[in-house]
Each structure stands twice: as C-alpha cells, then as structure tokens.
Amino acid sequence: VRAKGLIVIAAPLIALIGVTSASLALQYSERQERSVARTASALTTAAQQVLLDALNAETGVRGYAVTSEPPFLQPYDAVLARVAGDQATLRAAADAEGDVGAERAAAATMTRVMGQLARLRSMVGAGAPRPALTAELVSGKAGMDTFRRQIADLTKGPGAVTAAGRNVITRMESLIDAVSIAGLVLGLLAGVMGVALFASGVSRRVTVAAVNADRLGEGQPLEPVPGARDELGRLAGSLVRAEKVLAARTAELIGARDEAVRASHAKNAFLSSTSHELRTPLNAVLGFTQLLEMSDLSGEDRDAVERILAAGRHLLTLINEIIDIARIESGEFSLSVEPVAVQPVIGESCLLMGPLAADRSISISQPGPWPGLAVRADRQRLHQILVNLLSNAVKYNRAGGTVTITCQAIGSGLASVTVADTGPGIPPADLERIFDPFERLGAEQTAIEGTGIGLPLARAFAEAMEGQLTATSDPGVGATFTLTLPRAPDMAQVPEGDANIAGVPGPRTAPDDLAGTGIRILYIEDNPANIEVVTRFLRTRPAMRLQSVTSGQAGLEAATRDIPDLILLDLHLPGMHGNEVLKRLRAEPATAGIPVAVLSAEASPAVIRHLRASGVTAYLTKPLDLAELGQLLDSAAAEQDRQAGSPSRTPPGS
Amino acid sequence: MNDSVLYIDDGPDNILVVQRLLRRTRPDIQLHTASTGRDGIQAAADVQPALILLDNRLPDTSGEQVLRQLAANPATAVIPVVILSGDSGKVTVKELLAAGAADFLAKPFDIHQLLAIIDRYLP
C-alpha cells in the first residue's frame, strides 16, 4: 500500500518535476540568450556613443574652421573631456563581445580622427590659409567616413545577434508556456489515474480482508490471499495467523472439553460402580441379618442383630445420600419435573412418618384447604424432601409435641409447603449451617439418628427443581422449614377408586353395557372436558361402549374386573401416574394383553419411545385429532371382529 | 402357572439370602437360580417360572438386555420380571420400566418387601 501510495503521489509529482525542470532549463537558456542580447546591445550603444562623440567633435572643429569663432569649439572640448571614458566603455563592451579586432581598428581610426581635428584646430588658431584648411577638412572627412564604416561594421554583428536572440527568446517563452500547460494536464491525469488505480486495488483487497475477517469470526476457512508486504498484505497475513491461532485454541478447547467429558463420564461411572460395589456387600450384611432376625434368638443376640440391622440401614442411607449429593454436584443428576399435586405427596409422607411420630406421642397436623394445589416438581424427590423435613420435625421435637404442615400459593407463580415443629429450635447463627453437609449441630452426641446429609440434599433437590428450602426458628418454641417451588395449575383431586361414569344420556353408555357385546372401551382420564369429547365422539359409533374412570387406581380395578377391549389412558392422573397404571396393567396377567392407547399432551419423542417400549398400542396427542381417534377405535373393532369366537381372556385370580 | 421363581444374579450371597428366606418363609416356592443373563434367559424358557427376579448387573449383559430378550420370546414374554438392583438411579429405573420390567426393588432389599412382591405374583 505504501509503495502504491508513493506511486500515486509520485506519478503527478514526476510529471510536475519534469515539466518544471524543462521549464527551468528553458528559462535558463532564455536568460543566456537575453544576456547575449544585452551584451550585444551594450556594444552597439557604446560604439554609437563613440561615433556620436567623433561627429560632435568634427562638427565643432568644422564650425570653428569656417568661422574662427571659439564658441564653436565647445562640443569639441566636451568630447575631448569624455572621449576617453566612452572609448573605455566601448573597449569593455567589445571585450565582452569578443569583437576585439574591429574595436581596435575603430579605436585607431578614432585616435587619428581626433588627431586631425586637433591639428585642424591649431591650424585655425594659427591663421592658416583657407586652401590648407580645406585640404585638411577633406582629409578629415575621409577619416570620418572610414570611422563611420568601421563603427557600422562593429555594430552590425551585435545587432543581428540581438534580433536573433529576441526571436529565440520569444520561441522559448511559447515553449515554456506549452510545456507548463502540458505538464499541468499530464500531472492531473497521472494523479487521477493513480488514485483510481490505487483505490480500486485497495478496495478489492480491503473487501477480501473484510470477507476473511467475517469468515474468521464464523470459523470458516479463509479465502486465499496473494502474499504482499504492504499494510493490507500484513493485515491479510495477520488474519491467516489469527485463523491458525484460533484453530489451535479451538483444538485445545475441544481437547479440554473432551477431557472434561471423559472425566465426567469416568466420575459418573465411578459413582455408579461405587454405588453398586458398596451395596453388594451391604446386601449380604442386611440380607443375612434379616434372616437371623427371623430366628429364635436370646435377648442379647436379638439386640445385637437389631443393632447390626440399624447400623447397616444407616450406612445404606448414608451411601445413597452421598451418591445423590455427588450426582448433583457432577451435574449427572436427572429430575423428571412435571405438575404434581402437593397434598397427596404430603399425605404419603405423613403416613410414612406415622409410626415414628406415634412412638414419641407427636401429633402431625396436615393442611386443610387448597386440595388442588400443584407444583412443578419431581414427585419422587418432592416426597424425599418432605419425608426428610417431617422426620427432622419428629426427631428434633419434644415428646408430645406437634408437627404442623401447611401449604399455600404465593402469588400466582409459586407455592410453598411449611413444616413447623415444637422442638428446642435452632439458634439464628446456625440457621444456615444446618444446610452444610455433615453438620449436625452436636446432635451426633445424642441418640438422634441422622446422617447430616438429609437437609443439604433436600436443599439441593429443591434448588434443582428451581425452588428454595429455607429455615426460620424461634429458639425454645420451634423451627419452621419452608419449601418453595414453582406453582403448576391446580389439579382436580378425585378420591381414588371412585369410578365416574360419563354422564351422557343414552343406554349404550350405561355401565352395565360394558359387559355386553361389541367393543368395550375403558377411558382413564381425570379431565371432564376430555371425557366429554370422547363420549360425544363415540355417539358416531353406536356399537362401542365407553366407561370412564378418573384415577389410575379406579382404572386398574375396572380393567381387572371388566377386561375391556381397549384402554384409553391419560398420563397425568391424580395419585398414580399413567406410566404406573400401564406398568401395573402389564404386570397383571389378566390385563397384560389389553391394548392400551395413551392420550396425552406429553408428546416428546422420549416419552413416545418409552411408551412404545412399554407395549403401548397407540399414542394420541392432545388436543385430540378425532379422525385419528376414529381410526384407532375402528382398528381395535376390526381386531376384535378378527378374534371373535376365540376364548375369552383369563379372568383374574384364576 | 407353577410355584417357581427364577432368580438371576451373579452374587452368591444374594442368592443364598433369597434361597434361605424362601426355604424358611415360603417353602412351597421352588427357586431356580442363574448367575448370567444367558443362563437366565435359557432357564426362563425351560422352567416357565411365575416370576423372574433379575439383577440389573450381570457379568455377561445388562438387566435391560435380558428384559428385552425375554420380551422378544413369546414363551417368556408374559412372565413378570422384577428388577433387583444396587443402582437405584432414577433414569435406570425408568429405562427398566420402559423396557417392560414389572417392578423394581433396590438392593439391599428389605426381605419383607421382597416377600410382598413375591406374594403379589405368586398366588
């Protein structure tokens, strides 16, 4: 670029310099010519001055000779006074001109003329006779003629020189003008062309550099750039180097990532195998100890066996919790978050804690209102958190105390569950420490069993489900733990086992009809709107009988009792998830062969794969496509026709 | 249906515990055992047990593979399979249930829970 820039600047500059130097040279020549002309002109002037001097002197002396009047001699005397100076001027001019010979001759003649004039004057002064004076005058005239001719000769050369010089100077001046104009035009043209050339070249290369910079940003291979040593060349080179550095860094990062992934997999594999390796011996310890426990044992032996069992179970809990914590920390922990109704989970947890609470005469009071409150959570982990909170509330309570559970919505986005005890409480300074792993605040000195991981794990679960677990305490009065989770839309809660026959008029939907002929369909669905849709649709197929139930448990009972030809199953059911219903249907030999079609909004590929693997006949997404539903029902009917006359399914219990 | 249970596990201690447990509490049940997936699949076809207890980790294959092979064979597809495993990771449980497992019991299992499951499948 620098070179090009120089060229761009230099092209007009060279043109200008060329023109200027040509112009200067011409002007120099002109000056020479002028000087020559000037010298020639000086010679001419000097010669004419000397001639004038001679003429003046002769005229004066001639006048004096005719009149003998002395005043006529004035010009002669004046000439005498200056003739030497004028002759010196002429000599100098002639020397400068190099016209020395002619000048010497003219000077000699001048001297002779002046001598004659001096002689003539003295003859007049002496009163010489007229004829002598006339003869002298004639002779003087001849001398003057010679002198005039010689001066003419002397001035002829310089005159020609002066004229010729003037011509040359005029021509040179025109030439200089022409060269100057040409130079200006040329310089302008060269400048414009240079800039255009430069700009197009630079712009093309800048474009390539910009494209390459973009490609570098996008991680694509760069366009090839011809090597160049100017700034743009260096820029292009820098981009190429940057690409190489970037590629090297990317390779390093990929390496590091692969290494991290390998390490993570190794860690996960380690955890998984640790989990297995630790459980295998525990399995034997607990298994044989349980067998021992069944035997007839003496009091001390029984006590020993019970202690082994308790310690073994404690160890097992510890292992499970440590592995859970490690999984959460390594990011390998997976949750299945879905809308979960809170109260059933609270109920299950209370049930589990019942015996322990009863041992210590502690009463557990469950929340009253808000039966449909639901949160987005992993049901199993929510259960684990609540069991942990409840077990703490029972263990760290005073004998005969109470545990109070409440649940409520916080605004529209969150819901909370609180577990409050009436124990000694926790000092404010320790309220956060209790969430640190293995921090039992001295409880290890007491008889209270615990691993010290329960609360940290519960908090980790809560946070993994985008919730919070916090504690407040009034020392001496009790402690309150608050679990906050994202709220889900309220879920209708239907007592389990309550079969709900779709309330659509018409004899064919009456429950008794299920036992009759034709296609019998069992729809396990808790949403009345969906039941209504399917019920109305089935009016177009009068041979089909529909029974609907609103819970999984009721569905299982109905399926086992009636052995329908097709089961339509919703996945989000209160109490028991559709997957569990499916599993139990499959596990029960009586119902294992009934085709099951799942109707659900959970249409992720993983869910569908899972269901297919579980032997589901069809999967229909909600909102229901009625044409699809029709096809499904018709093919089930066709299958039923094909099997008509084949032995009926084995009734349960046989 | 007969009164036999097939237990597929490579741990001798585990098998011994179940053997003694059943001998002591359910003497009518005949327990068959296998220590590899291959043997277990063969035994399932031969014995036609009322219930299969399957360890998730086997020397030659995974419990999930055994499940799929049992399901693929019409002779064994209807036999309920309960997974007994030391790894109670939720994903694994889901996968196994998806693969057709009837139930899941984490090891070390409580012998009363194991008896409850056996009672559920054996009349």
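This one's a predicted model, so the numbers in the text were calculated from it and none came from an experiment. (Residues numbered from 1 in each chain as written. Chains lettered and ligands numbered in written order. Predicted model: local features only at pLDDT ≥ 70, side-chain atom pairs only at ≥ 80, totals over all residues. Heavy atoms only, no water.)

(A) The overall build of chain B, seen in detail. Across its full length, chain B carries five helices and five strands. Ordering the α and β elements of chain B from the N terminus gives β-α-β-α-β-α-β-α-β-α. A total of 123 residues make up chain B; the buried ones form 54% of that total. Approximately 5,200 Å² of chain B is accessible, and the part contributed by carbon and sulfur atoms is 48%. (Helix = DSSP H or I, 4+ residues; strand = E, 2+ residues; numbered from the N terminus. Buried < 20%, exposed > 50% of the residue type's maximum accessible area, 1.4 Å probe, protein only. Areas by Shrake-Rupley, 256 points an atom, 1.4 Å probe, with all protein chains shown as cover.)

(B) Structural context of the overall build of chain A. If you tally the helices and strands in chain A, you get 15 helices and 12 strands. Within chain A, residue pairs in contact and separated by at least 24 positions form 72% of the contacts whose partners lie at least 6 positions apart. Just so you have it, chain A exposes about 33,500 Å², and 60% of that area is on carbon and sulfur atoms. (Contact = heavy atoms within 4.5 Å.)

(C) Representation of unusual backbone geometry in the model. One non-glycine residue, S361 of chain A, lies in the positive phi region at around 55°. Note that S361 of chain A resides in the loop between α7 (342–359) and β2 (363–365).

(D) Local environment of the nonpolar core. Residue and element names in this part refer to chain A. Core analysis: the largest hydrophobic core is formed by 45 residues, its most contacted members being I346, L382, I385, L469, F481 and L483. Broken down by secondary-structure element, the contributors of at least two residues to this core are α7, β3 (374–378), α8 (379–395), β4 (402–410), β5 (414–421), α9 (454–464), β6 (468–474) and β7 (478–488). With eight residues, α8 is the largest single contributor of residues to this core. Not counting chain neighbours up to four residues away, the residues in contact with F481 comprise L389, V417, T418, V419, I426, I434, F435, L455, T470 and A471. Formed by 31 residues, the second largest nonpolar core is a distinct cluster that contains A65, L90, M110 and L137. (Core = buried A, V, L, I, M, F, W, Y, C linked by side-chain atoms within 4.5 Å.)

(E) Examining the sheet that holds strand β4 (residues 81–85) of chain B more closely. All names here are of chain B. Read across the open sheet, the five strands follow the order β2-β1-β3-β4-β5; overall the sheet is parallel. Two strands bound the open sheet, and with one partner strand each, they are β2 (30–34) and β5 (103–106). Recorded for the sheet is a direction-independent mean angle of 20° between the axes of neighbouring strands. Taken together, the five bridges between strand β1 (residues 4–8) and β2 define a ladder with parallel strand orientation. When the bridges of β2 are listed, S4 appears paired with Q30. The sheet contacts of helix α2 (residues 37–47) involve β1, β2 and β3 (51–55), and relative to β1 the element is tilted by about 170°. (Pairing = 2+ DSSP bridges. Axes fitted to C-alpha atoms, helices over the stretch in contact; angles between N-to-C directions.)

(F) Highlighting the pattern of salt bridges. In total, this model carries 24 salt bridges over all chains according to the counting rule given. Across the salt bridge formed by D145 of chain A and K141 of chain A, the nearest N and O atoms sit 3.5 Å from each other. Taken together, the residues D145 of chain A and K141 of chain A, both in helix α4 (residues 130–218) and four residues apart, mark about one turn of the helix. For D103 of chain B, the salt bridge is made with K583 of chain A, and the minimal N-O distance between the two is 3.9 Å. Highlighted residues: D103 of chain B in strand β5 and K583 of chain A in helix α12 (residues 578–587), drawn from two different chains. For the residue pair D103 of chain B and K583 of chain A, the accessibility class agrees, reading buried in each case. In this structure, a network of salt bridges that share partners links the residues E580, K583 and R584 of chain A together with D103 and R120 of chain B. (Salt bridge = Lys/Arg side-chain N within 4 Å of Asp/Glu carboxyl O.)

(G) Structural context of the sheet that holds strand β9 (residues 544–549) of chain A. All names here are of chain A. Sheet architecture is open: five strands sit in the order β9-β8-β10-β11-β12, paired in parallel fashion. Edge strands, defined here as strands with exactly one partner in the open sheet, are β9 and β12 (618–621). Each adjacent strand pair in this sheet contributes to an overall mean axis angle of 20°, direction not counted. Pairing of strand β11 (residues 596–600) with β12, which is carried by four bridges, proceeds in the parallel orientation. The residue bridging V598 from the neighbouring strand is Y619, located in β12. Of the strands in this sheet, β8 (519–524), β10 (566–569) and β11 touch α12, which is tilted by about 160° from β10.

(H) Main features of the confidence of the model for chain A. With 86% of its residues at a pLDDT of at least 70, chain A reaches an overall mean of 79. Segment residues 493–517 of chain A is flagged for pLDDT under 50; beyond a separation of four residues in sequence, or across chains, it makes 43 contacts in the model. (pLDDT = per-residue confidence, 0-100.)

(I) Layout of the packing of aromatic side chains. Residues and elements named next belong to chain A. The full count for this structure, using the stated rule, is one aromatic pair over all chains. Taking the centre distance of 6.4 Å and the plane angle of 75° together, the rings of F435 and F481 count as edge-to-face. Here the residue F435 occupies a position in the loop between β5 and α9, and F481 occupies one in strand β7, the gap between them amounting to 46 residues. Taken as a pair, F435 and F481 share a single burial class, namely buried. Across from the ring centre of F435, 3.7 Å away, lies the NZ or CZ of R459, which sits over that ring. (Phe/Tyr/Trp six-rings, centres within 6.5 Å; stacked < 30°, edge-to-face > 60°. Lys NZ or Arg CZ within 6 Å of the ring centre and 35° of its normal.)

(J) A look at the interface of chain A and chain B. At the interface, 28 residues of chain A touch 33 residues of chain B. Carbon and sulfur atoms supply 56% of the area buried between chain A and chain B, which totals about 2,700 Å² over both sides. Linking chain A with chain B are two salt bridges, by the criterion used here. Counting residues per element, the ones that place at least two in the side of chain A that touches chain B are α5 (231–294), α6 (299–329), α12 and α14 (605–613) of chain A. Residues belonging to the side of chain A that touches chain B are distributed by class as follows: 10 nonpolar, 13 polar and five charged. (Buried area = accessible area lost by both parts, 1.4 Å probe. Nonpolar A, V, L, I, M, F, W, Y, C, P; charged D, E, K, R; others polar.)

(K) Seen up close, the packing of α7 of chain A against α8 of chain A. Residues and elements named next belong to chain A. Put simply, α7 and α8 touch, their axes get as near as 9 Å, and they point 35° apart. The handedness of the crossing between α7 and α8 comes out as right-handed. On α8, the residues that touch P344, V345, I346, E348, S349, C350, L352, M353, L356 and A357 of α7 are R379, L382, H383, L386, V387, L390, S391, V394 and K395. (Left-handed = near helix turned anticlockwise from the far one by under 90°.)

(L) Structural context of the side chain of T109 of chain A. Residue and element names in this part refer to chain A. Inspection of the secondary structure assignment puts T109 in helix α3 (residues 100–126). For T109, a relative accessible area of 2% translates into the label buried. For T109, the residues in contact, after removing those within four places along its chain, are G143, T146, F147 and Q150.

(M) Just a nonpolar patch on the surface, in detail. A cluster of nonpolar side chains, namely I9, L13 and I17 of chain A, defines an oily patch on the protein surface of about 300 Å² accessible area. Within the fold, L13 of chain A resides in helix α1 (residues 2–67). (Patch = residues over 30% accessible without salt bridge, like charges linked within 9 Å, V, L, I, M, F, W, Y side chains within 5 Å.)

(N) Looking closely at helix α5 (residues 111–121) of chain B. All names here are of chain B. For α5, the set of buried residues is I111, L114, L115, I117, I118 and Y121. Projected onto a plane normal to the axis of α5, the buried residues spread over an arc of 160° and lie on a single side. Capping the start of α5 is the job of one residue whose side-chain oxygen sits 2.8 Å from the backbone nitrogen of H112: D110. (Arc of directions from axis to C-beta. Polar contact = N/O pair within 3.5 Å; in protein donor to acceptor, adjacent residues only side chain to side chain.)

(O) The environment of A92 of chain A, seen in detail. The topology assignment puts A92 of chain A in helix α2 (residues 74–97). Sequence separation between A92 of chain A and A46 of chain A is 46 residues; the distance between their C-alpha atoms is 9.2 Å.

(P) Structural detail: the pairing of β1 of chain B. Residues and elements named next belong to chain B. A large share of β1 lies buried, amounting to five of its five residues. Of the two faces of β1, the one carrying S4, L6 and I8 and the one carrying V5 and Y7 are both buried. Running through helix α1 (residues 12–25), the crossover from β1 to the neighbouring parallel element β2 is right-handed. Relative to β3, β1 is paired through four bridges, and the arrangement is parallel. Each residue of the ladder has a partner; that of I8, found in β3, is L54. (Right-handed = clockwise from strand over helix to strand, strands pointing away.)

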